Number of protein chains: 2
Amino acid sequence: MARSALIAVGGNSLIRAGEKGVISEQLANARRTAAAVVGLLDDEWRIVLTHGNGPQVGAALLRSERASDQVYGQPLDVCDAATQGEIGYLLQQSLCNELGAAGKQMHVATILTQVVVSPDDPAMKNPTKPVGPFYSREDAEEKARLLGWQIVEDAARGYRRVVPSPEPIAVVEEDVIRKLLAQGVLLIAAGGGGIPVVREGERLRGIEAVIDKDRVAALLALRLGVDLFVISTDADAVYLDYKKPTQRRLDRVTCDELEQHHRDRQFPPGNMGPKVESAIRFLRGGGREVIITCYEQLLDAVRGTAGTHVVAEQGK
Amino acid sequence: MARSALIAVGGNSLIRAGEKGVISEQLANARRTAAAVVGLLDDEWRIVLTHGNGPQVGAALLRSERASDQVYGQPLDVCDAATQGEIGYLLQQSLCNELGAAGKQMHVATILTQVVVSPDDPAMKNPTKPVGPFYSREDAEEKARLLGWQIVEDAARGYRRVVPSPEPIAVVEEDVIRKLLAQGVLLIAAGGGGIPVVREGERLRGIEAVIDKDRVAALLALRLGVDLFVISTDADAVYLDYKKPTQRRLDRVTCDELEQHHRDRQFPPGNMGPKVESAIRFLRGGGREVIITCYEQLLDAVRGTAGTHVVAEQGK
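Residues numbered from 1 in each chain as written. Chains lettered and ligands numbered in written order. Predicted model: local features only at pLDDT ≥ 70, side-chain atom pairs only at ≥ 80, totals over all residues. Heavy atoms only, no water.

Overview of the overall build of chain A
This is how the line gets drawn: Under the DSSP-based scheme used, a helix requires at least four consecutive residues in state H or I and a strand at least two consecutive residues in state E, with every element numbered from the N terminus. Here the term buried applies to any residue with accessible area under 20% of the maximum for its type, exposed to any over 50%, and partly exposed to those in between, with areas from a 1.4 Å probe on protein chains only. Only heavy atoms matter for contacts: two residues are in contact if any of them lie within 4.5 Å across the pair. Note on charges: Lys and Arg go in the positive column, Asp and Glu in the negative column, and His and the chain ends are not counted at all. Note that the charge is assigned to NZ on lysines, CZ on arginines, CG on aspartates and CD on glutamates.
Tallying secondary structure elements over chain A gives nine helices and 17 strands in all. Going through the 316 residues of chain A one by one, you find that 58% of them count as buried. Pairs at least 24 apart in sequence give 74% of the contacts found in chain A among residues at least 6 apart. Across chain A, the centroid of the 38 positively charged side chains sits 1 Å from that of the 42 negatively charged ones.

So this is what it looks like as structure tokens:
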């Protein structure tokens, strides 16, 4: 009987530290990620991949602004949609190719995904997530005046727009993703945390916001009822006292233990923190097991010999 | 028993003549197209939509170039993928909304689509399709030298890059589209003629080319075996002697008759010509019926009281 996994591939699956995102580089990285994912199929996993879009959507916003004197501009939700196409394509083609190289027959599909947030989410009145280019103070103030943007000063690099980061409530395309997963299609979905939309009666409307991609991955994993939620990141595992002399690796922990370490501020907000929080969400919501690892160790981690395994209760 | 239709929505489904493509305009147009499509569902049609991407991919290429000093550039295949995301999103959200307004329960999905062409296609050595921005002669010559572009002079507006327009051979995601169509999902696929790829052994590789969207629509319609292929365009029907005193509307013609009119040069190459050619391809390939009409008359046309109906043989 096939088991199902949702794998949240990290930002480094396409653009690694120090790279500028040249498409040939992104394809080379996508190929490595795809090879790791395809390796899992021997063990009969059914897989949904989610991914981030940080550098790509930043580039899209900058391109849109630079060319706005010549062609129509793209608001953030449209840029998100475009990056789901762009990144989905690179991952999908790489998966097709690695399947072919491994002599495996399997369909691959990218599902454009909208994620519903609440217009009453407290985050909507308190934008915190920086997006797009850096500006001088004067330019930033003009943007704020003309476009109603909220602006923050970003450590020594200038001024930047901030948008809300509301909680994901529902994945609009959940049922389609579920159908295809049940049929053994290898899926890419909810890229970049999904395209943020609000419900207005029966209608959906796109908004300019960023939904945390790890939270969306946890939500989708729960809604699909997958057996395993894998968070692929830079680190091979979760560490306590990271980069201190007392550093130690977590091989297997319960959700309660991980939560206690998180309360002890073991995991930095911009890095391992969101991964750990998503793992806890998934397990608290009824999920059974989460693995946090890097793509190089994905197969070993899923087979039980690498990565950090977080389980609902000890012994399970 | 549900019947199936592939509807190739026209360029005007998102950006109409004279519009600049501001997203609010594109959404308003998408809403009208979506309302027409949703109207068909009362008659139990299962539907795949395809769409063009001309203005959107032109804008994407221009944005990529304008910002190439700051962020990574996007080759044409990546721009195509991004526009499938962008346009798919606007159409998909509009379809969701019109379904909601009509009180209909139906899933909607956009399938990122790659289309295979042959590296040996004669078109590959004879690029004819202009794409992207206009350049001065000096800039165009520099692009040609640095990037190996083929350049043509474009009537009084400057110089422009041309890329090959090869024949579509296969739709990589055909089986996924077929599965979802069979399950009654309202689909958007093969946007912009698909992302052009070539096969190199078992691998796919994206190329910089434009595949005619009407040809891809005909190919996909045939491969899916749909009952009806609808080509939505600016005109409510196909006309003979268009805009002449002798103008007359074609209500119902056989494929042979339409082909004869086409040989008689009744249909201009940049306009109705490709629609007519795709209709003929579909019918010659085994398809039963094609309708050419505008989205405003879509429902009436499918019910038989509007548009031009092209059938394989008279009386069928």
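Structure's up, so let's keep going.
Considering helix H6 (residues 213-224) of chain A
Residue and element names in this part refer to chain A. The condition that has to hold: One fewer than the residue count of a helix, multiplied by 1.5 Å, yields its expected span. Here a polar contact is taken to be a pair of N or O atoms separated by no more than 3.5 Å, where protein atoms must pair a possible hydrogen donor with a possible acceptor and residues adjacent in sequence count only if both atoms sit in side chains.
An ideal rise of 1.5 Å per residue puts 16 Å on 12 residues; H6 measures up with 16 Å between its terminal C-alpha atoms. Buried within H6 we find Asp214, Val216, Ala217, Ala218, Leu219, Leu220, Ala221 and Leu224. Where H6 begins, the side chain of Asp212 points an oxygen toward the backbone nitrogen of Asp214, at a separation of 3.0 Å. Backbone geometry just downstream of H6 places Gly225 in the positive-phi region, at approximately 65°.

Regarding the sheet that holds strand S7 (residues 158-163) of chain A
Picture the strands of a sheet paired through backbone hydrogen bonds; they go either parallel or antiparallel. Residues and elements named next belong to chain A. How we decide: Each pair of strands is called paired provided DSSP finds at least two bridges between the two strands. Throughout, an axis means a line fitted to C-alpha atoms (over the contacting stretch in the case of helices), and angles, computed between N-to-C directions, take values from 0 to 180 degrees.
On the basis of which strands lie adjacent, the open sheet formed by three strands has the order S5-S7-S6 and antiparallel pairing. Where the open sheet ends on each side, the last strands, each with one partner, are strand S5 (129-135) and strand S6 (150-154). Sheet twist, expressed as the mean angle between neighbouring strand axes with direction ignored, is 40°.

Some thoughts on the nonpolar core
Selection rule: Each nonpolar core is a collection of buried residues, namely Ala, Val, Leu, Ile, Met, Phe, Trp, Tyr and Cys, held together in the definition by side-chain atoms within 4.5 Å.
Core analysis: the largest hydrophobic core is formed by 94 residues, its most contacted members being Phe229(A) and Phe229(B). Residues within four places of Phe229(A) in sequence aside, it is in contact with Leu6(A), Ala8(A), Asp214(A), Ala217(A), Ala218(A), Ala221(A), Ser278(A), Ala279(A), Phe282(A), Glu289(A), Val290(A) and Ile291(A).

Considering helix H5 (residues 174-182) of chain A
Residue and element names in this part refer to chain A. Test applied: Throughout, the arc means that of the directions going from the helix axis to the C-beta atoms.
Among all positions in H5, only Glu174, Val176, Ile177, Leu180 and Leu181 are buried. Angularly, the buried residues of H5 cover 165° about the axis, an arc narrow enough to put them on a single face. Immediately downstream of H5, the backbone of Gly184 shows phi near 80°, a positive value.

Looking at the packing of helix H6 (residues 213-224) of chain B against helix H8 (residues 272-284) of chain B
Residues and elements named next belong to chain B. Using the following cut-off: Any angle between 65 and 115 degrees counts as roughly perpendicular, while under 35 counts as roughly parallel, over 145 as roughly antiparallel, and the rest as oblique. If you view the pair so one helix is near and one far, a crossing is left-handed when the near helix is turned anticlockwise from the far one by less than a right angle, and right-handed when it is turned clockwise. In this classification, the charged set is Asp, Glu, Lys and Arg, the nonpolar set is Ala, Val, Leu, Ile, Met, Phe, Trp, Tyr, Cys and Pro, and all remaining amino acids, among them Gly, are polar.
Interaxial distance between H6 and H8 falls to 9 Å at its minimum, and their mutual angle equals 20°. Regarding the angle of H6 to H8, the classification is roughly parallel. Read as a crossing pair, H6 and H8 show a hand that is right-handed. When H6 is examined against H8, the residues Lys213, Asp214, Arg215, Ala218, Ala221 and Leu222 are found in contact with a partner set consisting of Pro274, Lys275, Ser278, Arg281 and Phe282. Broken down by class, the residue content of the contact of H6 with H8 amounts to five nonpolar, one polar and five charged.

Details of the interface of chain A and chain B
This is how the line gets drawn: Buried area is understood as the total, over both parts, of accessible area removed when two parts are fitted together, assessed with a 1.4 Å probe. By definition here, a salt bridge exists when the distance from a side-chain nitrogen of Lys or Arg to a carboxyl oxygen of Asp or Glu is within 4 Å.
Contacts between the two partners involve 59 residues from chain A and, on the opposite side, 59 residues from chain B. Summed over both sides, the interface between chain A and chain B buries roughly 4,900 Å², with carbon and sulfur atoms accounting for 57% of that surface. Looking only at chain A, the three residues that lose the most surface to chain B are Arg63(A), Tyr72(A) and Tyr89(A), adding up to 17% of its buried area. Our count for the chain A to chain B interface comes out at four salt bridges. A salt bridge links Glu98(B) to Arg203(A); the shortest N-O distance between them is 3.3 Å. Viewed at the interface, chain B and chain A are joined by 28 residue pairs in polar contact (both at pLDDT 80 or more). Of all elements in the fold, only helix H1 (23-40), helix H2 (54-66), helix H3 (76-101), strand S3 (108-111), H5, strand S10 (195-200) and strand S11 (203-206) of chain A reach the threshold of two or more residues within the side of chain A that touches chain B. For the side of chain A that touches chain B, the leading source of residues is H3(A), giving 16 residues. For the side of chain A that touches chain B, a count of residues per class yields 27 nonpolar, 18 polar and 14 charged.

Re the packing of H5(A) against H6(A)
All names here are of chain A. Packing of H5 against H6 brings their axes to within 10 Å, and their N-to-C directions diverge by 60°. Classified by the angle between their axes, H5 and H6 sit oblique to one another. Crossing hand, H5 versus H6: right-handed. Residues Glu174, Ile177, Arg178 and Leu181 of H5 lie in contact with H6, whose contacting residues are Leu220, Arg223 and Leu224.

Focus: the environment of Ala140(B)
Residues and elements named next belong to chain B. Secondary-structure assignment places Ala140 in helix H4 (residues 137-147). Using a relative accessible area of 1% as the deciding quantity, one classes Ala140 as buried. Considering only alpha carbons, one finds Ala140 and Arg215, 75 residues apart in sequence, at a separation of 30 Å. Those residues in contact with Ala140, other than ones at most four positions away along the chain, are Tyr135, Ile151 and Tyr159.

Let's talk about the relation of the copies chain A and chain B
What counts here: The copies were overlaid by least squares, fitting only the C-alpha atoms of residues that reach a pLDDT of 70 or more in each copy.
Expressed as a screw operation, the relation of chain A to chain B combines 0.0 Å of axial shift with a rotation of 180°, fitting to an RMSD of 0.0 Å. With respect to symmetry, the two chain copies, as superposed, fit the operation of a two-fold axis. The share of interface residues of chain A whose copies in chain B are also at the interface is 100%, consistent with both copies meeting through the same surface.

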